[in-house]
Structures are given as C-alpha cells and as structure tokens.
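Summary of structural features
Okay, here's what each chain looks like letter by letter:
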Amino acid sequence: MAEWTETYRGTVAPWECDVTEHFTVAYYFERIDQAGAALADRLGLGDAHAAGIFPRRLNLRFTRELRAGASFHIDSAPIGLDPALQLGHRVVDSASAETVTWVEEVWESPFAGLSAERRAAIGREMAPWEAPAAEARPEPKTMAGAIPTARGRVQPGNLDELGHLSLAGFVHRFTDALLQAISAIGFTADYTKSARRGFSTFELTLRIATAPRQGDAYLVETGIAHLGGSSIRFVHRMTDPRTGAELARLDQFGVQLDLDARRPAPLPPEFRTAAAKLLLTLD
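Scoring rules and cut-offs
- Residues numbered from 1 in each chain as written.
- Predicted model: local features only at pLDDT ≥ 70, side-chain atom pairs only at ≥ 80, totals over all residues.
- Heavy atoms only, no water.
- Helix = DSSP H or I, 4+ residues; strand = E, 2+ residues; numbered from the N terminus.
- Contact = heavy atoms within 4.5 Å.
- Core = buried A, V, L, I, M, F, W, Y, C linked by side-chain atoms within 4.5 Å.
- Buried < 20%, exposed > 50% of the residue type's maximum accessible area, 1.4 Å probe, protein only.
- Pairing = 2+ DSSP bridges.
- Expected span 1.5 Å × (residues − 1).
- Salt bridge = Lys/Arg side-chain N within 4 Å of Asp/Glu carboxyl O.
- Polar contact = N/O pair within 3.5 Å; in protein donor to acceptor, adjacent residues only side chain to side chain.

1. What about the environment of tyrosine 218?
When you line up the elements, tyrosine 218 lands in strand β8 (residues 217-227). A sequence separation of 97 residues divides tyrosine 218 from alanine 121, and the C-alpha atoms of the two residues are 39 Å apart. Discounting residues that sit within four places of it in the chain, tyrosine 218 has contacts with Ala150, Arg151, Gly152, Arg153, Val154, Arg173, Met238, Thr239 and Pro241.

Written out as structure tokens, the structure reads:
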C-alpha cells in the first residue's frame, strides 16, 4: 500500500481567523487547492489540472479547529478511481500529529477517461481512507424559499493563477452568504459580540460546475435544509444572474458555538422561528 505524501506545510496567520476565532474555511480551501495541484503533479496529471477549472466535488469533515499561530501540514494520496478519480487530503496539526480535517476531493471530467496505464499507475499509489463515515444528506428539491445572500462581480483578487474564480474565492463568497443568512434569523454581529456566540462549521460539501472569470456576475441564494437544537444545515447556491445557470453549490452544516466554552449552545427560540421560514423542501 502506498504512503501518504506531504503536499503542503504552513501556519495559520492571525488575519486568517474569523469571528468564531478559528481558521477561516476559505483558507482551508486555498491550501487544499495547492495540495491537489501538488498531488496531480505526482500522479502525472499536472498538465490536465493546469488546463483550468473542471467539475469537482470536495467533502470536508472538521474534527478539531485550528487557531491563530497553529502549524499544520497536508498529507495527500489517491483513494479511489471509480466512478471518478478520488483524492484524499489529511490536514494535520504539525505539533500533535493529529488529523484535524479530512478532505475527499472527487475529480470528474477530464479524468473520467483515464487510460488503463494511467489508472494502473495511480492504483499503485492508492492509500487507505480512514475518515469518519459521511452521513447521507437529503438534497433540496428546489431552492424555493431561499433568500439572496451574496451578489457581485468577480474581482482580480478572487482569481486563481489561471484567471478563474479560485476555490478560496468561491468559499469567501459563500462565507458572505452564511453571514447574511444568520443575520436574517437574528444571529447578527452585535449578538455575536454581546452573547459570545459564533457559527462553527463541522461539515462542508462544495460542488463546482464551472468557474466564472474576472468581471463575471454572480448571485448566491441560501436556504436551510436542517434545523436542530443548536445545529443548522445551510444550502448556498451560486448562479449566473444573467442566465440562471448554476456555477457552484455549498452544503454547510454547523452549530451555534459558545466562544468561551468552545461547545455547542442551543439556538434561541426566536432564531428558530425565523430560521423555519427558510426551510427548503427535501427529497
């Protein structure tokens, strides 16, 4: 069985932390993007990866937060070939050697038609995947009932090296959407400050259909797929507002976090009443 390969090593800068006082999700994706490119080079797929954004799905499971000043590295390996190329990334606290985040990255076109020789070579590099089992989540039938939560145009600072909206750029826009959505149910900046509460994500799925370029317009709409005692599952959908075509979608599951105890805290009843108005119809 092949060994895991280190594909990134770095630290968490203070300015990369959010109001919940831990590493901002978009910056995880910035590092994962680099790790994916490094692994593509190792697997002989660097040229195809460098050709530009392609349909892919990334599933993240956070088991422990990273905070300002933390050192970490990413180990990567292929973990599957069917029905599409699957890569695994382990975000590891360099000080404790503990895996704090598991990332499954599924590359679809142009990797579905790999030659038999390339598949065999990648197969020899496969490593065991020991992430916590992902729970199947029902999908919304439609986004009816969702509210607009982010809108704008892609700016130069949002781009990757090839001129497309980067993975981190996508997630920064979805973070805007999250903050708009929680504010709409009463979870405002003032509430965060006075009550010492934040929203902490423990599970994410990002699906990219295509990536806009500089100057392209985008619209994000957000609804709620699950409402629990302390937990909310948000669904954010990014579209081209000119055509309505879907660009990307982020499924985000998290909890209200007590910022002092660092534990989940129950949602106030008035938040739950407001959130119920954003519930989507599920399959």
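Following the structure, the description resumes.
2. Thoughts on the nonpolar core
Nonpolar side chains in soluble globular proteins tend to end up buried together. Among the nonpolar cores identified, the biggest contains 39 residues, and Phe29, Leu66 and Leu206 are the most heavily contacted of them. Elements with a minimum of two residues in this core: α1 (25-42), β2 (56-62), β3 (71-80), β5 (99-107), α4 (167-184), β7 (197-208), β8 and β10 (246-258). A per-element tally of this core places α1 first, with 7 residues. With near-sequence residues (within four places) excluded, phenylalanine 29 lies in contact with Leu58, Leu60, Leu167, Ala168, Val171, Leu204 and Leu206. Within the second largest apolar cluster, 15 residues are counted, among which are Tyr191, Leu227, Leu267 and Ala275.

3. Observations regarding the pairing of β7
Extensive coverage of β7 is indicated by the burial of 9 of its 12 residues. By the bridge criterion, 11 bridges tie β7 to β10 in an arrangement that is antiparallel. Among the inter-strand pairings, serine 200 is bridged to a residue of β10, identified as valine 255.

4. Some words on α4
Taking 1.5 Å of rise per residue, 18 residues should cover 26 Å, and α4 covers 26 Å from first to last C-alpha, within 8% of that figure. Residues Leu167, Ala168, Gly169, Phe170, Val171, Arg173, Phe174, Ala177, Leu178, Ala181 and Ile182 constitute the buried set of α4. Residue glycine 186 follows α4 closely and has a positive phi angle near 110°.

5. Re the pattern of salt bridges
Enumeration over the complete set of coordinates arrives at 25 salt bridges. Taking the shortest distance from any N to any O, the salt bridge between glutamate 21 and arginine 196 comes out at 3.0 Å. With glutamate 21 in the loop between β1 (5-11) and α1 and arginine 196 in the loop between α5 (189-195) and β7, the pair connects residues that are 175 residues apart, well separated along the chain. Exposure remark for glutamate 21: the relative accessible area of 28% places this residue in the partly exposed category. In this structure, arginine 61 and glutamate 203 form a salt bridge, with 2.6 Å as the shortest nitrogen-oxygen distance. You can see arginine 61 sitting in strand β2 and its partner glutamate 203 sitting in strand β7, a full 142 residues away along the chain. Exposure remark for arginine 61: the relative accessible area of 30% places this residue in the partly exposed category. A cluster of three or more residues bridged by salt bridges with shared partners is formed by Glu21, Glu65, Arg67, Arg196, Asp260 and Arg262.

6. Description of the side chain of threonine 149
Tracing the sequence through the fold places threonine 149 in strand β6 (residues 147-153). For threonine 149, a relative accessible area of 5% corresponds to the buried category. A polar atom in the side chain of threonine 149 sits 2.7 Å from the side chain of threonine 222. Residues contacting threonine 149, with those up to four places away along its chain left out, are Asp176, Ala177, Gln180, Ala181, Val220, Glu221 and Thr222.

7. Quick word on unusual backbone geometry
The bulk of non-glycine residues show a negative phi, and the bulk of peptide bonds are trans. Note the cis peptide between aspartate 82 and proline 83, where omega equals 0°. Following the sequence through the fold, proline 83 ends up in the loop between β3 and β4 (85-93). If you check the backbone angles, alanine 97 has positive phi at about 65° while not being a glycine. By the element assignment, alanine 97 lies in the loop between β4 and β5. Its identity is not glycine, yet arginine 262 carries a phi of approximately 55°, on the positive side. Looking at the secondary structure, you find arginine 262 in the loop between β10 and β11 (263-264). What makes arginine 262 partly exposed here is its relative accessible area of 21%.

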